[in-house]
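Coordinate inspection notes
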Amino acid sequence: MGKSISDAFEEVMAKVGEIGVQAGEAVKSFAESESTERLARGMKKGTRTAAEGIAKGAKMAAAGIKEGSQIASEAIKTNAAKKKAGREQKRNFTLSNGVKIPAVGYGTYLSTENNGKQTILDAFEAGYRYIDTARFYQNEKEIGEAIKESGISRDEIFICSKVWPTMLGKDRLRESFDASCEDLQTDNLDMYLIHWPKVSQNDEEWITKLQDSWEAMEELYEEGRIKAIGLSNFLPHHIRPLLETARIKPMLDQLELHAGYMQEYALQYLRKERILAQAWSPLGRARVLNDERVRKLAEEYDKTGAQVLLRFLIQRGIPVIPKASSLERMKENLDVFDFSLTSDEISYLSCITETGWSGEHPDLAEWEQ
Ligand code: NDP
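A brief look at the structure comes next.

Calculation notes
Residues numbered from 1 in each chain as written. Predicted model: local features only at pLDDT ≥ 70, side-chain atom pairs only at ≥ 80, totals over all residues. Helix = DSSP H or I, 4+ residues; strand = E, 2+ residues; numbered from the N terminus. Expected span 1.5 Å × (residues − 1). Buried ≥ 20, exposed ≤ 12 C-beta atoms within 10 Å, placed from the backbone. Arc of directions from axis to C-beta. Contact = placed C-beta atoms within 7 Å. Core = buried A, V, L, I, M, F, W, Y, C linked by C-beta atoms within 7 Å. Near = placed C-beta within 6 Å. Nonpolar A, V, L, I, M, F, W, Y, C, P; charged D, E, K, R; others polar. Pairing = 2+ DSSP bridges. Axes fitted to C-alpha atoms, helices over the stretch in contact; angles between N-to-C directions. Parallel < 35°, antiparallel > 145°, perpendicular 65-115°, else oblique. Left-handed = near helix turned anticlockwise from the far one by under 90°.

All right, on to helix α6 (residues 206–222) then. Its 17 residues give α6 an end-to-end C-alpha distance of 24 Å, which sits within 8% of 24 Å, the value for a rise of 1.5 Å per residue. Buried within α6 we find Lys209, Leu210, Ser213, Trp214, Ala216 and Met217. Projection of α6 onto a plane perpendicular to its axis shows the buried side chains occupying an angular sector of 160 degrees, all on one side. Against the buried residues of α6 lie α5 (170–184), β6 (189–194), β7 (226–232) and α7 (236–245). Phi turns positive, to about 80 degrees, at Gly224, one or two residues after α6.

This is the structure:
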């Protein structure tokens, strides 16, 4: 901690006092050794010198205090700006190419089944500006209509879609991308992901298809049609062969991640490769919400289980895309920036026994051709 201005002032004045005492001592010893006349002359001169010295000292002290208070107020301003930046940082994550993505996005899988585009309009009303969709979800049309109807400008909304594994290959991927853009009523996407690495366990051509597909992704990126390109459900052994031929590294990998299924080996690899991990099913599709350990923490913080689960992932450096049907839950899932879990709680939630896994694994999946 630096000195306060009043402490500094007190110190300066103490020094001035000390000098005064020293001057007095000097005059006294002079008086003891000199004649009265010389003493009177000496005292006159001494008083003038002391007065000049005090005036000069006071001027210097005043200038010092002014400069000191300027430095202090600059420091206070810088500190406040840093704190503000810290708060803002937590609401966004930055990809390796500098593109920022919100920490909390809205997941749309099965979200439009009952109310169609109204659900997406509700999500905008709740405050979401990141929409996660996929060709597979068959809701890009509703999302496109909702974006148009919302009146929110296109560049304020971050749209992410994904190509389904049956559409892998250079030309097919482009075809699927164009179809997504058409339904979403946009020429470009903020992010585009390869949804799964392979169609089936017996897909012997998966590496070649992936490498060709990635070339198409790179071209779309270079053409400015996609701001960030990435993967979904890719584990390290799926990413390694892709990186052998890639010119541009994937920027993100969307994985099933939640307390009870943290895929630590994959997370470690992604961190090393500077590929941001993003969590799908961050609430374990509601399966982890009622876990006793999560509920206990929620009570302690006066938050809900969903908020604790989302906050946990964000503090682990992982953006989330929860899906909720009601406006109330949508808002609740966004309201996760006013509390922080301790490192011990993060460690605890990272290490709870496996729970809530979806049962979907990229090496075991069988998608229809
Ligand atoms: P989530 O973990 O987001 O859980 C959604 C479930 O939790 C719903 O049943 C929802 O209920 C409930 N819920 C949401 N918020 C609350 C709350 N505050 N309190 C109580 N219950 C709540 O699972 P999802 O599988 O939907 O994953 C989220 C998104 O991730 C998907 O929508 C999709 O965009 C993406 N995803 C990506 C995959 C991929 O392969 N890349 C795979 C799966 C998902 P209700 O709807 O009734 O409100």
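We are not done yet, so read on.
Moving on to the nonpolar core. Considering soluble globular proteins, one finds that nonpolar side chains tend to be buried as a cluster. Of all hydrophobic cores here, the largest spans 73 residues; its most connected members are Met191, Tyr192, Leu309, Leu310, Leu313 and Val320. For this core, the element with the most residues is helix α10 (residues 305–315), which contributes seven residues. For Leu313, the contacting residues outside a window of four places in its chain are Leu257, Ala279, Pro282, Ile318 and Val320.

Near the ligand lie 27 residues; those nearest to it are Gly107, Tyr109, Trp280, Leu283 and Lys323. Partitioning the shell around the ligand into residue classes produces 10 nonpolar, 12 polar and five charged.

Spatial ordering of the open sheet is given by β3-β4-β5-β6-β7-β8-β9, a layout of seven strands whose pairing is parallel. Edge positions in the sheet fall to β3 (106–107) and β9 (276–280), since each has one partner strand and no second. Note that β3 and strand β4 (residues 130–132) share two bridges and pair parallel. Bridge pairing links Tyr106 to Ile131 in β4. Sitting on the sheet, α5 touches β5 (158–163) and β6, and the angle it makes with β5 is about 140 degrees.

Of note in the backbone geometry, Gln138 takes a positive phi value of approximately 55 degrees without being a glycine. Tracing the backbone shows Gln138 in the loop between β4 and α4 (140–150). You will see that Arg274, though not glycine, has its phi angle at about 60 degrees, which is positive.

Mapping Tyr130 onto the fold places it in strand β4. As for Tyr130 and Ile321, which are separated by 191 residues in sequence, their C-alpha atoms are 8.5 Å apart. If near-sequence neighbours (up to four positions away) are discounted, Tyr130 is found in contact with Ile101, Pro102, Gly105, Tyr106 and Phe158.

Residue position: Asn114 is located in the loop between β3 and α3 (117–126). In this structure Asn114 comes out as exposed when scored by C-beta crowding, with 9 C-beta atoms within 10 Å. With 211 residues separating them in the primary sequence, Asn114 and Ser325 have C-alpha atoms 9.1 Å apart.

This part covers the packing of α5 against α6. Between α5 and α6, the shortest axis-to-axis distance is 7 Å and the interhelical angle comes to 45 degrees. Here α5 lies oblique to α6, going by the angle between them. As for how α5 packs across α6, the hand of that crossing is right-handed. Here Lys170, Leu173, Arg174 and Phe177 of α5 lie close against α6, whose contacting residues are Asp212, Ser213, Glu215, Ala216 and Leu220. Residues of the contact of α5 with α6, tallied by class, amount to four nonpolar, one polar and four charged.

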